[in-house]
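Residue-level structural notes
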Amino acid sequence: MIKVQDLQKVYKLTKKQMSKNNTREPIKAAVDGISFEAHEHEIFGLLGPNGAGKTTILRCISTLIKPTAGKITVQGHDVEQESDDVRKNIAFLTNELKLDVNFTPEYTMFYFGSLYGLSKEVIEQRTELLFKQFGITSFRNIKIAELSTGMKQKLSIAVSLIHDPPVIIFDEPTNGLDIITARAVTDYLTELKNKGKVVIISTHIMSVASKICDRFSILLSGKIRITGTLSQILAATASSDLEDAFFRLYSENVQEGI
Amino acid sequence: MSNLLIVIRKELKRVFDDRRLVFTTFILPAVSIALIYSIMGSMIGNMTSDIKSHVPSVYIQNAPADFQTILADDSLKERMELTTVPQGESLESVKSAIQDGTVDLLVVFPEDFSAEIEDYRSNRDVPVINTYYNTSEDYSRNARNILFEGIFKQYENMIIGERLGGSHYANAFDVDKGNTQSVIVDERKATGKGLSTLLPMLIVIFLFSGGMGIGMDTIAGEKERGTMATLLITPVKRETIAFGKIIGLGIVSIISAASSFLGVIISLPFSSVIFGSRTGSVNLGALNFGAAQYLQLSLIMLTLVGVFVGLIALTSIIAKNVKEAGTYVVPIYMLVMVSGFLNMFTTGTPTTVRYAIPVYGSVVAIKSLLEFELAWLNFGLCCLINVAATAMLIWVIKKMFNSEKIMFGI
Ligand SMILES: Nc1ncnc2c1ncn2[C@@H]1O[C@H](COP(=O)(O)OP(=O)(O)O)[C@@H](O)[C@H]1O
Ligand SMILES: [Mg+2]
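The paragraphs below set out a description of the structure included in this document. Quick caveat: nothing in here was measured; it's all calculated off a predicted structure.

Each value, and the rule that gives it
- Residues numbered from 1 in each chain as written.
- Chains lettered and ligands numbered in written order.
- Predicted model: local features only at pLDDT ≥ 70, side-chain atom pairs only at ≥ 80, totals over all residues.
- Heavy atoms only, no water.
- Helix = DSSP H or I, 4+ residues; strand = E, 2+ residues; numbered from the N terminus.
- Rg over C-alpha atoms; globule rule 2.2 N^0.38 Å.
- Buried < 20%, exposed > 50% of the residue type's maximum accessible area, 1.4 Å probe, protein only.
- Contact = heavy atoms within 4.5 Å.
- Areas by Shrake-Rupley, 256 points an atom, 1.4 Å probe, with all protein chains shown as cover.
- Lys, Arg positive; Asp, Glu negative; His and termini not counted.
- Charge placed at Lys NZ, Arg CZ, Asp CG, Glu CD.
- Pairing = 2+ DSSP bridges.
- Axes fitted to C-alpha atoms, helices over the stretch in contact; angles between N-to-C directions.
- Buried area = accessible area lost by both parts, 1.4 Å probe.
- Salt bridge = Lys/Arg side-chain N within 4 Å of Asp/Glu carboxyl O.
- Polar contact = N/O pair within 3.5 Å; in protein donor to acceptor, adjacent residues only side chain to side chain.
- Near = heavy atom within 4 Å.

**What about the overall build of chain B?**
The number of helices and strands found in chain B is 17 helices and four strands. Compactness check: chain B gives a C-alpha radius of gyration of 31 Å against a globular reference of 22 Å for 410 residues, more than 25% above the reference. Projected onto the principal axes, the alpha-carbon positions of chain B cover approximately 100 × 45 × 40 Å. The proportion of buried residues among the 410 residues of chain B is 47%. Long-range contacts, defined here as pairs at least 24 residues apart, represent 75% of the contacts in chain B between residues at least 6 apart. Just so you have it, chain B exposes about 21,300 Å², and 61% of that area is on carbon and sulfur atoms. Distance between charge centres in chain B, computed from 33 positive and 36 negative side chains, equals 20 Å.

See below:
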């Protein structure tokens, strides 16, 4: 289970970032006091437009960055005190994490598998399974530099799952994928959920979210506006679908902003 | 397999699988250094032997008979090509030939030179012999300053001797006349001395440059390309990653430096003059290093690699990308070169304090080692300082690895 309590993340902005964001404030609260839980047997969706703070939340959970305030635990491990244990328990996928293009998919799996302390047999077994699942087998020995963006994305997913962790955190997992591969990914996430894993994804694509997520948080400017199942959210916002609900919340937010 | 080994192996695989990197890091240094040093060595060698074998063309006017007798001596006759300018003839054409470099020296005696010499008792100015030569021409300078300086001295002694009543009056002693064993050197020390001018500098430069390119790529490059973050979400400890990269880089630096030395050794048949050899060959065998010296040299180099790799790694971590890393590393490289240069021209026994200066101390130690004068205390001090500096760098690097500002630009 993932527990996020009153998470806040404040970035210090450089002069360049300040002028880019058109602001005089030297700090930016990308995430501002949010709480939620994601459970086993569940796909939890963080929904929000670009800049809402989705990636920041997922980075904090994955120990890549430290929360400014608040507390996060993953399978009972605190992200700040026991970051090594947290990292053992998660698969994290985000588009800023890249693979060294000088190696082949096969070696990359072997390398990361070894870093997670897996034996050669287990690595081979997991590699076969994941390569088959995402259709990587045909280019397993071609240097990553020569692969297409979609192929690389598929490999990134496979690499992140090499150690078969109980928690899966995917930031915009279907971005940049063709519909067939995107479908393979969402199907696999559902399969993982059915196996009892905790799955969190972030997305700005409502159709993906409504199809696979069991519960959602809608995130706007670093704050969670609502959390619940699809029917709970539709009832609370008096909307007919998720997109409607989102825009209703969005216009409320804009009005508050003024 | 421990995580450290996994990281080191991957770092090395990255380098050795890449033909371009193998070529630029391990093959190019050997080839280019062998070529450059061979060419440089042959050019310097040719220059010196050419000056030695060149027979200077000397013009002379109004030479008195006794001076001509000196020049007619067998040993001098073959050392110059003498032309006499008739009395009263214009010297302009000879002078312009000196300017072109076709004639090396013109010696002009006053017409009444002999008479003035005879008349030495009257209180007048002594006669003046004029010489004309070209300082921008090596042959010309050599003819004037080495050859004729000696001849004039001999002639003056002869005249003074006659005034005193016999040539032996003006010749109080000879130096090394007939002594064929006058040069006594310990060939071992002589070889070491010759090498100690240039070699310490080359060692530090090769060690630093060997790790520079790859170091920037393996750290700043990985940050820039986003592959570092992928490594940071594995459970591997950050210090393990840092250590793995540093050790991998150290291995690469050492192999690359070894390649550079191979280049130097290949070039030795042509380049021995550069390394202070007078005989035309550097006899590395004559160095005859004992086990202790090899141990000392290896330990100095090993601990120095730690400092270099630490410096390269630290700057590469602070930098956002490879380009920025370059702008930080190059000034450090300059400093390393300067500490090498500084040491080239120092003589005398260095004080113990000097061994305690990071990097520079190692250059001093390697120099002393080649001169067979490195005391164990100074050796220990130099290594200790290197180890301490490396430890400090690693400590800072570890801090940097934990800083999200540094690792993710936040
Ligand atoms: N490293 C950073 N430094 C400063 N501001 C940042 C940084 N990363 C993200 N931000 C800002 O924080 C906000 C949230 O970003 P992010 O979490 O990436 O949103 P999302 O993933 O929902 O698009 C944005 O306004 C973004 O500009
Ligand atoms: Mg994002």
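**Structural notes on the sheet that holds strand β2 (residues 27–38) of chain A**
Residues and elements named next belong to chain A. The strand order across the open sheet formed by four strands is β2-β1-β4-β5, and the pairing between neighbours is antiparallel. The open sheet has two edge strands, β2 and β5 (77–78), and neither has a second partner. Here five bridges tie strand β1 (residues 2–12) to strand β4 (residues 69–74), and the two strands are oriented antiparallel to one another. In the strand pairing of β4, glutamine 8 is matched with alanine 69. This element, helix α2 (residues 54–61), spans β1, β2 and β4 of the sheet and lies at about 115° to β1.

**Brief notes about the interface of chain A and chain B**
By convention, interface size is frequently given as the accessible area that disappears when the constituent parts associate. Across the boundary between the two partners, chain A contributes 26 residues, which contact 26 residues of chain B. Between chain A and chain B, the buried area comes to about 2,600 Å², and carbon and sulfur atoms account for 62% of it. On the surface where chain A and chain B come into contact, there are three salt bridges. Taking the shortest distance from any N to any O, the salt bridge between lysine 9 of chain A and glutamate 404 of chain B comes out at 2.5 Å. If you look at where chain A meets chain B, you find seven residue pairs in polar contact (both at pLDDT 80 or more).

**Things to note about the site of ligand 1**
Inspection of the region around ligand 1 gives 14 residues, with Gly51, Gly53, Lys54, Thr55 and Thr56 of chain A positioned closest. Of the chains in the model, those with residues near ligand 1 are chains A and B. For ligand 1, the protein covers 79% of the area, taking 560 Å² as the surface of the free molecule. Secondary-structure elements contributing two or more residues to the shell around ligand 1 are β2 and α2 of chain A. Broken down by element, the residue count for the shell around ligand 1 peaks at three residues, all from α2 of chain A.

**Some thoughts on the pattern of salt bridges**
Tallied over the entire structure, the rule returns 27 salt bridges over all chains. Across the pair glutamate 149 of chain B and arginine 144 of chain B runs a salt bridge, and its minimum N-O distance is 2.8 Å. We classify glutamate 149 of chain B as partly exposed; its relative accessible area is 41%. When its relative accessible area of 17% is taken as the criterion, arginine 144 of chain B is described as buried. Overlapping salt bridges, with partners in common, bring together Asp100 of chain A together with Arg14, Asp18, Asp217 and Arg225 of chain B in one network.

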